Structures are given as structure tokens and as C-alpha cells.
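So you can see what is in the structure, the chains are spelled out below.
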Number of protein chains: 2
Amino acid sequence: MRLTTKGRYAVTAMLDLALHAGKGPISLADISERQGISLSYLEQLFAKLRRNELVRSVRGPGGGYQLSRDQVHINVAEVIDAVNESVDATGCHGSGDCQSGQTCLTHHLWCDLSEQIHAFLSSITLLDLVQRKDVQQVAKRQDRRYVDQLIMSTGEKTPADRKAAV
Amino acid sequence: MRLTTKGRYAVTAMLDLALHAGKGPISLADISERQGISLSYLEQLFAKLRRNELVRSVRGPGGGYQLSRDQVHINVAEVIDAVNESVDATGCHGSGDCQSGQTCLTHHLWCDLSEQIHAFLSSITLLDLVQRKDVQQVAKRQDRRYVDQLIMSTGEKTPADRKAAV
DNA sequence: TATTTAACCTACTAAAACAGTCGGCTAATA
DNA sequence: TATTAGCCGACTGTTTTAGTAGGTTAAATA
């Protein structure tokens, strides 16, 4: 079992999509900018998310990604699963042939743990996350920063420009 | 976060000690035999377990390892911790500086998950495991096998020899 | 129609961790 | 004195992580 940046990035990116849903497709460049994740790495992760039908893509200018289902129907466990980070804690993938064909001494313990983690993560949907106070605060901060960056790069200065940029 | 054979081996070996407690020190060779774990690898793990004062060692012939505390006062979480397999699921070790000094979008989610896992694993003591039916069954099988191996290697054949071997 | 955008795809890589192995040393016992 | 079994450090093949690099393709826009 492992939970590294791969799974964390995937969930973070999916949550970014959820937070900016209804504004048309979101480009990976935007997510990369907001979440501080390498663009090429995001591409690899989204290839897997797409294959697992968690996101839909739109190509060409103005294109990007959208959630393929309602936020309430996507949970954290399946996102982590999609990028090949198993939540399974057993060494035998649950089959029970851990010690030369038979179950090892601690097999059931790891089964219980896996179940526990899976139950917890699959009970949390993207909608749950979007509605959390702490998530909304971080999202607000990131969006402000994102707009500021945009203005810096375009060199526009008036409040009207700022509005236009958003 | 990761949970691989390292942590699983550590818990399994500690449980083996717990199951054979009261029979004097248990050698790593015995644990290696019963649990199918490489002896040299066990040595490395027990060095860490010893440094974390989870086991006591006795050197010389007839030596081995014993639990340093009562089975009810050793839980699974601290065993895994001792071999450097953190149960922490955050990328920032809980500090909250995941995204260039500030918290990332999913920081609190991983905190919650870590807490969840830690609560689960630290609630399970070695005594709990020893008392489980499934553990007792596997232990019984392993002990039978262990004795059979012993007889095979010594070439003794009568029931009396078998009793003597145990 | 040419250009730009942004998805899509393959291959490569440095660094780390995993799961060991090997060889030798030291303390205690028989 | 020989044996047992813990102790210790160094080394190794393999896998995974967390990227990078360099290209191709589809769609929109100028």
C-alpha cells in the first residue's frame, strides 16, 4: 500500500476541477499554475483519470477537462485507484496466499485495515470536499493568486482590466 | 505514506514473539523459519525495534528476543512506526506547508485520513491479535510445521522424539 | 488557410526506497 | 575452546516516484 504525491495530486486536481465546474473546460495549465503541479506530470495523471472515465476532455483552444459525472458521484477512493495507488494494505492483494500459498499470521489485520481505509475514502465525495470551509478558504487564496499572476503577465493595471481578466 | 512488507514483517514478527511468550527468548532463526522472513532482514528490523524499546535481547546460546512490555501495552501503530514506516498520509508531515509554505487544497483531507488510520492501528494491541481466532489457527499451523521440520532435520521418528523436540 | 491552443502519447531519467545478501564481530553459554 | 545467536556495516538488484523532453493530433481563431 502506498499514498504518495501521485494520489494526492490526482485528488487535488480533481477537486480543482470540481471547484471550477460550470466555467467550461479547465486546462491542465491552469491546474498546474493553481496547484503547483508540473504540467507534464498532470498530463500523465489525467490520461489515467480519463481512461477510468472520471474526466472528459475537450481539445483545441479553450479546451481542457471536465468531470464526467456529478461531484456527488465521484469519491476520493476511486480517484486514488484510478492512478494506480492501491489502498490495499495486504501483500497478497486480499487473496490470502501471503505465506507460500497460505495466509500469513497478520493477513486478517491488513484486510481489516484496507477495509477501514477504503470505507473512509469512498465515503468522501468531491462535493463533500467542495463544501468544506478549509477547502473554500484555500481555493479563494489560490484564485486570488491566479488572477494576480494573470494581471502581472498581461501588464494590465486598472480594476476594469482585473475584472476582464477573470 | 506507505505500508509494505517492512511494516507487515515487523508486526508479524512481534506477534510471533507474543504468541511464544513465556517460553524464554525466541531466536530470530525461529521467527525466520515460522514466518518465512529472511533472517538478515529480520536482524535489521529488530535493530530498530530494539532501539525503540519494543523488544529486549539476550545474547549467546539459548538467546533471542522478548517483548519489553506486556502485550496489552504494545499496539500495532508503534511497531510500524518503529521500522520507519510512517502512517502519515500528508506530504508535509502534518506541518501544513505543502504548497510553497501554505496548506494545499487537500491538506485537511490527508490529516483526517492519517488520524483515521492511526486511531485504528493504535487501538489494536498485540494481546488483541493473540486472542483472535484466525491468528490462533494460523499460529497452530505454523507451530505444527515448525515441529515437523525439526523432526525431519534431526531424523527422529517416534512420538516420544516428537514430544522431546517440542 | 495558417496559426495557435491544448490535449495526447512515448520514451527517458535521477533519486529514493524496498527487500534483501554478505561478511565479519562480540557476548554468553556449554 | 567451540558454538550459538545477537550485532553491525556495506553492498546490490529491482521497482517506484516524480518528474522531463519531444513530439503528434484535433479544434478553434485570425
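Residues numbered from 1 in each chain as written. Chains lettered and ligands numbered in written order. Predicted model: local features only at pLDDT ≥ 70, side-chain atom pairs only at ≥ 80, totals over all residues. Heavy atoms only, no water.

The name given to chain A in an unreviewed UniProt entry is Fe-S cluster assembly transcriptional regulator IscR, and the organism recorded there is Marinobacterium aestuarii.

Colleague: Describe the protein's contact with DNA strand D, listing the residues and the values that go with them.
Modeller: Taken together, 27 residues are adjacent to DNA strand D, and T5(A), Q44(A), R59(A), S57(B) and Y65(B) come closest. The contact atoms of DNA strand D, taken as those within 4 Å of the protein, divide so that sugar and phosphate hold 61%. Between E43(B) and DNA strand D, the recorded distance is 3.0 Å, taken from a side-chain N or O atom to a base nitrogen. One of the backbone N or O atoms of P61(B) is found 3.4 Å from a base oxygen in DNA strand D. Of all elements in the fold, only α1 (5-19) and α3 (39-51) of chain A together with α3 (39-51), β1 (55-58) and β2 (64-67) of chain B reach the threshold of two or more residues within the surface near DNA strand D. Tallied by class, the residues present in the surface near DNA strand D amount to 8 nonpolar, 12 polar and 7 charged. (Near = heavy atom within 4 Å. Polar contact = N/O pair within 3.5 Å; in protein donor to acceptor, adjacent residues only side chain to side chain. Helix = DSSP H or I, 4+ residues; strand = E, 2+ residues; numbered from the N terminus. Nonpolar A, V, L, I, M, F, W, Y, C, P; charged D, E, K, R; others polar.)

Colleague: Lay out the packing of helix α1 (residues 5-19) of chain B against helix α2 (residues 28-35) of chain B in plain terms, naming residues and giving numbers.
Modeller: Residues and elements named next belong to chain B. Across the interface, α1 lies against α2 with an axial gap of 10 Å and an inter-helix angle of 110 degrees. By the angle between their directions, the pair α1 and α2 is classed as roughly perpendicular. The element α1 and its partner α2 pack so that their crossing is right-handed. Taking contact as the criterion, the partners of T12, A13, D16 and L17 in α1 are, on α2, I31, R34 and Q35. (Axes fitted to C-alpha atoms, helices over the stretch in contact; angles between N-to-C directions. Parallel < 35°, antiparallel > 145°, perpendicular 65-115°, else oblique. Left-handed = near helix turned anticlockwise from the far one by under 90°. Contact = heavy atoms within 4.5 Å.)

Colleague: Let's hear about the pairing of strand β1 (residues 55-58) of chain A: which residues, and what values?
Modeller: Pairing geometry for β1(A) and strand β2 (residues 64-67) of chain A, over 4 bridges, is antiparallel. When the bridges of β2(A) are listed, V58(A) appears paired with G64(A). (Pairing = 2+ DSSP bridges.)

Colleague: Describe the relation of the copies chain A and chain B, and please don't skip the residues or the numbers.
Modeller: The two copies are related by a screw operation: chain A maps onto chain B through 180 degrees of rotation and 0.0 Å of translation along the axis, at an RMSD of 0.0 Å. Such values leave the two copies arranged in the relation of a two-fold axis. Judged by C-alpha distance, R2(A) is the residue of chain A that lies nearest the rotation axis, at 2.1 Å. Here 100% of the interface residues in chain A have copies in chain B that are interface residues too; the copies meet face to matching face. (Least-squares fit on C-alpha atoms with pLDDT ≥ 70 in both.)

Colleague: A description of α3(B) should follow, citing residues and the corresponding values.
Modeller: Counting along an α-helix, one turn takes 3.6 residues, and residues three or four places apart therefore face a common direction. Residue and element names in this part refer to chain B. Between the first and last C-alpha of α3 there are 18 Å, a value that for 13 residues agrees with the 18 Å anticipated at 1.5 Å per step. Considered for burial, the residues of α3 that qualify are L42, L45, F46 and L49. End-on view of α3: buried residues confined to an arc of 100 degrees, all on one side of the axis. Residues of α3 that are exposed and point more than 90 degrees away from the buried face comprise Q44 and R51. Positive backbone phi, at 55 degrees, marks E53, one or two positions downstream of α3. (Expected span 1.5 Å × (residues − 1). Buried < 20%, exposed > 50% of the residue type's maximum accessible area, 1.4 Å probe, protein only. Arc of directions from axis to C-beta.)

Colleague: Run through the protein's contact with DNA strand C, naming residues and quoting values.
Modeller: The local shell around DNA strand C holds 27 residues, among which S57(A), Y65(A), T5(B), Y9(B) and R59(B) are the closest. Sugar plus phosphate: this is where 64% of the atoms of DNA strand C within 4 Å of the protein reside. A distance of 2.9 Å is found between a phosphate oxygen of DNA strand C and a side-chain nitrogen or oxygen belonging to Y9(B).

Colleague: Tell me what's going on with the interface of chain A and chain B, and back it up with residues and numbers.
Modeller: Between chain A and chain B, the residue contacts involve 43 residues of the former and 43 residues of the latter. Carbon and sulfur atoms supply 64% of the area buried between chain A and chain B, which totals about 3500 Å² over both sides. Inspection of the region where chain A meets chain B yields 2 salt bridges. Residue D112(A) pairs with R132(B) through a salt bridge whose shortest N-O separation is 3.2 Å. Across the contact surface, chain A and chain B share 19 residue pairs in polar contact (both at pLDDT 80 or more). When residues of the side of chain A that touches chain B are traced back to their parent elements, those giving at least two are α1, α2 (28-35), α4 (76-82), α5 (107-122) and α7 (133-154) of chain A. With 9 residues, α5(A) is the single largest residue contributor to the side of chain A that touches chain B. Its residues placed into classes, the side of chain A that touches chain B shows 21 nonpolar, 14 polar and 8 charged. (Buried area = accessible area lost by both parts, 1.4 Å probe. Salt bridge = Lys/Arg side-chain N within 4 Å of Asp/Glu carboxyl O.)

Colleague: Account for the pattern of salt bridges, naming residues and giving values.
Modeller: The tally for this structure, following the rule as stated, stands at 8 salt bridges over all chains. With a shortest N-O distance of 2.9 Å, D16(A) and R34(A) are connected by a salt bridge. A residue pair is termed long-range when its members are at least 10 positions apart, and D16(A) in helix α1 and R34(A) in helix α2 qualify at 18 residues. Judged by relative accessible area, D16(A) falls into the buried class, the value being 0%. Overlapping salt bridges, with partners in common, bring together D112(A), R132(B) and D134(B) in one network.

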